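Given next are the chains, with one letter for each unit.
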Amino acid sequence: METLADRLTEVEGRIEAACQAAGRAREEVTLLAVTKVFPAQVLLDAYAAGLREFGENYVQEFEGKAPQLGPLPGARFHLIGHLQSNKSRKAGELFQVIQTVDSAKLARRLSEMEKPLEVMIEVKLSEEDSKHGCAPEDLPALVDAIHELPHLTLTGLMTMPPWSENVELSRPYFRRLRELAQQFGLPGLSMGMSHDLEVAIQEGSTMVRVGTALFGRRKKV
Ligand SMILES: *Cc1c(COP(=O)(O)O)cnc(C)c1O
């Protein structure tokens, strides 16, 4: 059986190789460990293995796990799943980073908590109905709105291309996200997952969100 340590070594090797091939420094890319659906113990194991940035999709699920974690110095928790406004308060309490801000209304609700929060805008670049996110044409207004809110720091953009076996099909989405981030002077690019992280790093990703390659297959929710 492959252990978490084995898988982490493998993922680290892939990130390292992709950075090298792209002429980028390894420190430019953060590995976000996506622990959705896995029990709290998996987060604790990942922390013990050296991981510090964690991604979760569901506010309610993480609310159940968080009390079991205890203090984990240096750990940061990112919400990477869609956030409904009625869960924004809870999300603001549980997470340090909200990567899925997609409306000014949601941003205002988060800022109203008066807690310093790092946020990213989820951009919807594909036509799939199931995908949330801000349409590219609505980005200028949303970026302006967030910049005016006192408690939010906008650090970048995130996106999720339609899933495909063929990782090259992710490339145009990643490239588009990088161009948009450049346009708005935003440094952070949360893009790339287990299967397409190499392509994402070639296209400038600063954060790859990796679940399956670290923790194995998830049960369906
Ligand atoms: C589940 C999820 C991931 C991780 O996907 P893997 O293919 O398991 O690496 C990354 N980003 C988002 C937004 C997710 O929902």
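Residues numbered from 1 in each chain as written. Predicted model: local features only at pLDDT ≥ 70, side-chain atom pairs only at ≥ 80, totals over all residues. Heavy atoms only, no water.

1. Brief notes about the site of the ligand
Turning to step 1, where the next piece is worked out: Near the ligand the following residues occur: V34, K36, N57, I80, M160, M193, S194, R209, V210, G211, T212 and R218.
Turning to step 2, where the next piece is worked out: In the environment of the ligand, an oxygen atom lies 2.5 Å from a nitrogen or oxygen atom belonging to the side chain of S194.
Turning to step 3, where the next piece is worked out: A distance of 2.8 Å is found between an oxygen atom of the ligand and a side-chain nitrogen or oxygen belonging to R218.
Turning to step 4, where the next piece is worked out: Protein contact buries 92% of the 390 Å² of open area that the ligand shows by itself.
Turning to step 5, where the next piece is worked out: When each cavity is represented as a set of grid points, the ligand is found to reside in the largest pocket. (Near = heavy atom within 4 Å. Polar contact = N/O pair within 3.5 Å; in protein donor to acceptor, adjacent residues only side chain to side chain. Areas by Shrake-Rupley, 256 points an atom, 1.4 Å probe, with all protein chains shown as cover. 1 Å grid on protein atoms, 1.4 Å probe; cavity = no way out; pocket = protein on both sides within 12 Å on 5 of 7 lines; lining within 4 Å. Sits in = over half its atoms within 2 Å of the grid points.)

2. What to know about helix α1 (residues 4-22)
Turning to step 1, where the next piece is worked out: Here α1 contains 19 residues, and its C-alpha end-to-end distance of 27 Å stays within 8% of the 27 Å for a straight helix at 1.5 Å per residue.
Turning to step 2, where the next piece is worked out: Residues of α1 that are buried: L4, L8, V11, I15, A18 and C19. Buried residues of α1, seen end-on, are gathered within an arc of 100° and therefore sit on one face of the element. Those residues of α1 that are exposed and angled more than 90 degrees off the buried face are T9, Q20 and A21.
Turning to step 3, where the next piece is worked out: Contact partners of the buried residues in α1: β1 (30-34), α2 (40-48), α8 (197-202), β8 (207-210) and α9 (212-215).
Turning to step 4, where the next piece is worked out: Two residues or fewer past α1, G23 is found with a positive phi of approximately 70°. (Helix = DSSP H or I, 4+ residues; strand = E, 2+ residues; numbered from the N terminus. Expected span 1.5 Å × (residues − 1). Buried < 20%, exposed > 50% of the residue type's maximum accessible area, 1.4 Å probe, protein only. Arc of directions from axis to C-beta. Contact = heavy atoms within 4.5 Å.)

3. A look at the packing of aromatic side chains
Turning to step 1, where the next piece is worked out: As enumerated under the stated definition, the model contains four aromatic pairs in all.
Turning to step 2, where the next piece is worked out: Here the aromatic rings of F54 and F77 are separated by 5.5 Å at their centres, their planes lie at 20°, and the arrangement is stacked. Here F54 is found in strand β2 (residues 53-56), whereas its partner F77 is found in strand β3 (residues 76-79), with 23 residues between them in sequence. There is no split in this pair, since F54 and F77 are both buried. (Phe/Tyr/Trp six-rings, centres within 6.5 Å; stacked < 30°, edge-to-face > 60°.)

4. Re the UniProt feature "domain: Alanine racemase N-terminal" (unreviewed entry) in the chain
Turning to step 1, where the next piece is worked out: Residues given the UniProt feature "domain: Alanine racemase N-terminal" (unreviewed entry) here are residues 25-217.
Turning to step 2, where the next piece is worked out: Across residues 25-217 one finds 33% helix and 20% strand; the C-alpha atoms that close the span lie 30 Å apart. (UniProt positions renumbered as here; feature names shortened; annotations may be inferred.)

5. Concerning the layout of surface pockets
Turning to step 1, where the next piece is worked out: Space inside the largest pocket adds up to approximately 1100 Å³.
Turning to step 2, where the next piece is worked out: Around the largest pocket, the lining is made up of 27 residues, and of these K36, N57, M160, M193 and R218 lie nearest the centre. (Points joined across faces, edges and corners; volume = space filled by probe spheres on them.)

6. Some points on the nonpolar core
Turning to step 1, where the next piece is worked out: Membership of the largest hydrophobic core comes to 62 residues, with the highest contact counts inside it found for I98, I121 and L214.
Turning to step 2, where the next piece is worked out: With six residues, the single largest contributor to this core is α1.
Turning to step 3, where the next piece is worked out: With sequence-adjacent residues up to four places away left out, I121 is seen in contact with Q99, V101, C134, L139, L142, V143, I146, L154, G156, L157 and M158.
Turning to step 4, where the next piece is worked out: By size, the runner-up hydrophobic cluster in this structure holds five residues, among which are L32, I80, M158 and M207. (Core = buried A, V, L, I, M, F, W, Y, C linked by side-chain atoms within 4.5 Å.)

7. Section: the pattern of salt bridges
Turning to step 1, where the next piece is worked out: For the structure on display, the rule yields 14 salt bridges.
Turning to step 2, where the next piece is worked out: Across the pair E63 and K90 runs a salt bridge, and its minimum N-O distance is 3.4 Å. Here E63, found in helix α3 (residues 59-65), pairs with K90, found in helix α4 (residues 88-94); they are 27 residues apart in sequence, far enough to count as distant.
Turning to step 3, where the next piece is worked out: The shortest N-O distance in the salt bridge between R175 and E203 comes to 2.8 Å. You can see R175 sitting in helix α7 (residues 171-183) and its partner E203 sitting in the loop between α8 and β8, a full 28 residues away along the chain.
Turning to step 4, where the next piece is worked out: Exposure remark for R175: the relative accessible area of 37% places this residue in the partly exposed category.
Turning to step 5, where the next piece is worked out: Residue E203 is classed as buried on the basis of its relative accessible area of 4%.
Turning to step 6, where the next piece is worked out: Bridged by salt links that share partners, the residues E168, R171, R175, R178 and E203 form one connected network. (Salt bridge = Lys/Arg side-chain N within 4 Å of Asp/Glu carboxyl O.)

8. Thoughts on α2
Turning to step 1, where the next piece is worked out: Considered for burial, the residues of α2 that qualify are A40, V42, L43, A46 and Y47. Seen end-on, α2 carries its buried residues on one side only, within an arc spanning 160°.
Turning to step 2, where the next piece is worked out: On its buried side, α2 packs onto α1, β2, α3, β3 and α9.
Turning to step 3, where the next piece is worked out: Once α2 ends, the next one or two residues include G50, with phi positive near 110°.

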